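Fold and contact review
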Amino acid sequence: MYKKMFITLALVGIFGLYIFLNLGNFVDVSKKPVQSDIIVALGGDFSGCRLKEALKLYKQGYSRSGKILYTSRDSVSKSLDKSGSRKQFLLNNGVAEKDIVHVRREMVFNTMEEVLFIKKYMLFHHYKSVLIVSHPQHSRRIQTFAHYIADYKDSGLVLHIAACHPGWWNAGKYYANEMSLKTTLKEIEKLVYNLLKYNSLMIHYTNYWRSDKDKLWNNEIQRKL
């Protein structure tokens, strides 16, 4: 009896260790960039890592529409631009103002709302593909929201996710760096929380539903024409 219990506990421990060691590869599903109808740099990045990568891909011709969209606050670390403005950074680097689309934080509060807004924006403009740029450990959450809650595939939309390159990230050894360990564990927590919050049974009780974001987004998209 004790021998069986010991073997069971050992197997559970080995399985748990395997999962822990591979969490970095689980959360990072970013791929090589693919030319798409529009490039999107997600918010939540004060350092500007995502916007810099999005700009690089934009200049390499990855946006068929010639548009680059970024979300959340315009302010950013002055290490990116002396003005502390994402828009000014893009303008200073040769992107025409007409090709810059800024979606304010009042419009999209979190990753789930960003994914839902991008879907609506794409359908309105008849775009079929999007290249989203974010941190590598953020990519699993984006992919999961797009495919299992926002139904990108069922809407005929193709999602590509490219990563910016923070020097501290190593998917295979995420646990060896304090920053990557913290962000990986946080991503798992956010993924589980949001899947519970935005599932079909609970979404009606979220701020997204109560504040009628669809109406706000329709007005925002019309305003940006």
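Treat the numbers as computed from the prediction; the structure is a model and nothing was measured.

A tally of regular secondary structure across the chain gives nine helices and five strands. Going residue by residue from the N terminus, the α and β elements of the chain occur as α-α-β-α-β-α-β-α-β-α-β-α-α-α. Taking the principal axes of the C-alpha coordinates as reference, the chain spans close to 70 × 40 × 30 Å. Here the chain holds 225 residues, and the buried ones make up 45% of them. The long-range fraction of contacts in the chain, counting pairs at least 24 apart against all pairs at least 6 apart in sequence, stands at 76%. Counting every atom, the chain has about 12400 Å² of accessible surface; 58% of that belongs to carbon and sulfur. One way to put it: in the chain the 34 positive side-chain charges average out to a point 4 Å from where the 19 negative ones average out.

This part is about the packing of helix α6 (residues 139-148) against helix α7 (residues 178-197). It is at 9 Å that the axes of α6 and α7 come closest, and there the two elements cross at 15°. In this view, α6 runs roughly parallel relative to α7, as classed from their interaxial angle. Note on packing geometry: the crossing formed by α6 with α7 is right-handed. Between α6 and α7, the residues in contact are Arg140, Arg141, Thr144 and Phe145 and Glu187, Lys190, Leu191, Asn194 and Leu195, respectively. Within the contact of α6 with α7, the residues separate by chemical class into three nonpolar, two polar and four charged.

Another point: the sheet that holds strand β3 (residues 100-103). A sheet is described by the order of its strands in space; here five strands give the open sequence β3-β2-β1-β4-β5, paired in parallel fashion. Two strands lie at the open edges of the sheet, namely β3 and β5 (158-163), each paired on one side alone. Between one strand and the next, the sheet's axes are offset by a mean angle of 25°, whatever the strand orientation. Pairing geometry for strand β1 (residues 38-41) and strand β2 (residues 68-71), over three bridges, is parallel. Residue pairing in the sheet places valine 40 in a bridge with leucine 69 of β2. Helix α5 (residues 111-124) rests against β1, β2, β3 and β4 (129-134) of the sheet, and its axis sits at about 150° to β4. Most of the contacts of α6 go to β5, to which it runs at about 170°, and overall it touches β4 and β5.

In this structure, Val130 and Tyr152 are the most contacted members of the largest nonpolar core, which totals 33 residues. Elements with a minimum of two residues in this core: β1, β3, α5, β4, α6, β5 and α9 (213-223). At seven residues, the largest contribution of residues to this core is made by α5. Setting aside its immediate chain neighbours within four residues, tyrosine 152 contacts Val115, Ile118, Lys119, Met122, Val130, Ala146, His147, Leu157 and Leu159. Counting 18 residues, the second largest nonpolar core, distinct from the first, contains Leu57, Val76, Leu90 and Leu131.

Every second residue of β2 is oriented toward a common face, with Ile68 and Tyr70 on one face and Leu69 and Thr71 on the other, all of them buried. Sheet topology places β2 next to β3; four bridges connect them, and they run parallel. Within β3, the position partnered with leucine 69 by the bridge is valine 101. Chirality of the crossover, the property in question, places the unit of β2, helix α4 (residues 86-92) and β3 among those that are right-handed.

Parameters and conventions
- Residues numbered from 1 in each chain as written.
- Predicted model: local features only at pLDDT ≥ 70, side-chain atom pairs only at ≥ 80, totals over all residues.
- Heavy atoms only, no water.
- Helix = DSSP H or I, 4+ residues; strand = E, 2+ residues; numbered from the N terminus.
- Buried < 20%, exposed > 50% of the residue type's maximum accessible area, 1.4 Å probe, protein only.
- Contact = heavy atoms within 4.5 Å.
- Areas by Shrake-Rupley, 256 points an atom, 1.4 Å probe, with all protein chains shown as cover.
- Lys, Arg positive; Asp, Glu negative; His and termini not counted.
- Charge placed at Lys NZ, Arg CZ, Asp CG, Glu CD.
- Axes fitted to C-alpha atoms, helices over the stretch in contact; angles between N-to-C directions.
- Parallel < 35°, antiparallel > 145°, perpendicular 65-115°, else oblique.
- Left-handed = near helix turned anticlockwise from the far one by under 90°.
- Nonpolar A, V, L, I, M, F, W, Y, C, P; charged D, E, K, R; others polar.
- Pairing = 2+ DSSP bridges.
- Core = buried A, V, L, I, M, F, W, Y, C linked by side-chain atoms within 4.5 Å.
- Right-handed = clockwise from strand over helix to strand, strands pointing away.

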